[in-house]
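The residues making up each chain are set out below.
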Amino acid sequence: MMSEDEFIDDEQAEQNVQEFIEEHGTEGVFVVYFRQFIFRFIMQELKSEDEEVEDIGTQLHLDVSEGDEVLKVKREQMLERCEVWARDLVDDLKDDEVVGEVIESGDFERLDDEDVEERVENAMDEKFEEWENQLEEFLEEVE
């Protein structure tokens, strides 16, 4: 059983975020944010290929006998690939006069602004088109 002090409180979480920003900049936070977004998108794509999918193991089309270790490795490979795409996206977004300023300032609440949201969506649409072949190849690799 885990002891109480192994859970992170708000103060510790805030400190962790600050340390991450000091090390990777606010840009790093956006890379992680979009990495997770792209990762969820890929998982959804895998899931939608098979309507009867129940668990993550099936979603990744892996033989159950391969076990947790293979799942863990596959997940790490996916996250690495998603991070490459996220960094590509953030690099493009930095060139946008509005979104670039949001990334630099680290004002995450502005992601909810209609204008910012629209600019991010347009950039993502362009990127997903650009990555289409890479995404297809990658989905075939993980199946």
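Described in the following lines is the structure provided in the data block. Just so you know, these numbers come straight off a predicted model, no measurement behind them.

Some details on the environment of Arg 87
Consideration 1: By secondary structure assignment, the location of Arg 87 is in helix H3 (residues 67–94).
Consideration 2: Arg 87 gets classed as partly exposed once you look at its relative accessible area, which sits at 39%.

Concerning the nonpolar core
Consideration 1: Membership of the largest hydrophobic core comes to 31 residues, with the highest contact counts inside it found for Phe 34, Ile 38, Ile 42, Met 78, Leu 93 and Val 120.
Consideration 2: When near neighbours in sequence (up to four residues on either side) are disregarded, Ile 42 contacts Met 78, Cys 82, Trp 85, Leu 135, Phe 138 and Leu 139.

Overview of the side chain of Thr 26
Consideration 1: Along the chain, Thr 26 falls in helix H1 (residues 10–49).
Consideration 2: With a relative accessible area of 17%, Thr 26 lands in the buried category.
Consideration 3: Not counting the four nearest positions on each side in its chain, Thr 26 is found in contact with Ile 21, Ile 103, Glu 104, Ser 105 and Gly 106.

Topic: the layout of surface pockets
Consideration 1: The computed volume of the largest pocket comes to approximately 150 Å³.
Consideration 2: Together, Tyr 33, Phe 34, Phe 37, Leu 111, Asp 112, Glu 117, Val 120, Glu 121 and Met 124 line the largest pocket.
Consideration 3: Residue assignment for the lining of the largest pocket shows that the elements contributing at least two residues are H1 and helix H5 (114–130).
Consideration 4: With four residues, the single largest contributor to the lining of the largest pocket is H5.
Consideration 5: Looking at side-chain class alone, the lining of the largest pocket contains six nonpolar, no polar and three charged residues.

Definitions and cut-offs
Residues numbered from 1 in each chain as written. Predicted model: local features only at pLDDT ≥ 70, side-chain atom pairs only at ≥ 80, totals over all residues. Heavy atoms only, no water. Helix = DSSP H or I, 4+ residues; strand = E, 2+ residues; numbered from the N terminus. Buried < 20%, exposed > 50% of the residue type's maximum accessible area, 1.4 Å probe, protein only. Core = buried A, V, L, I, M, F, W, Y, C linked by side-chain atoms within 4.5 Å. Contact = heavy atoms within 4.5 Å. 1 Å grid on protein atoms, 1.4 Å probe; cavity = no way out; pocket = protein on both sides within 12 Å on 5 of 7 lines; lining within 4 Å. Points joined across faces, edges and corners; volume = space filled by probe spheres on them. Nonpolar A, V, L, I, M, F, W, Y, C, P; charged D, E, K, R; others polar.

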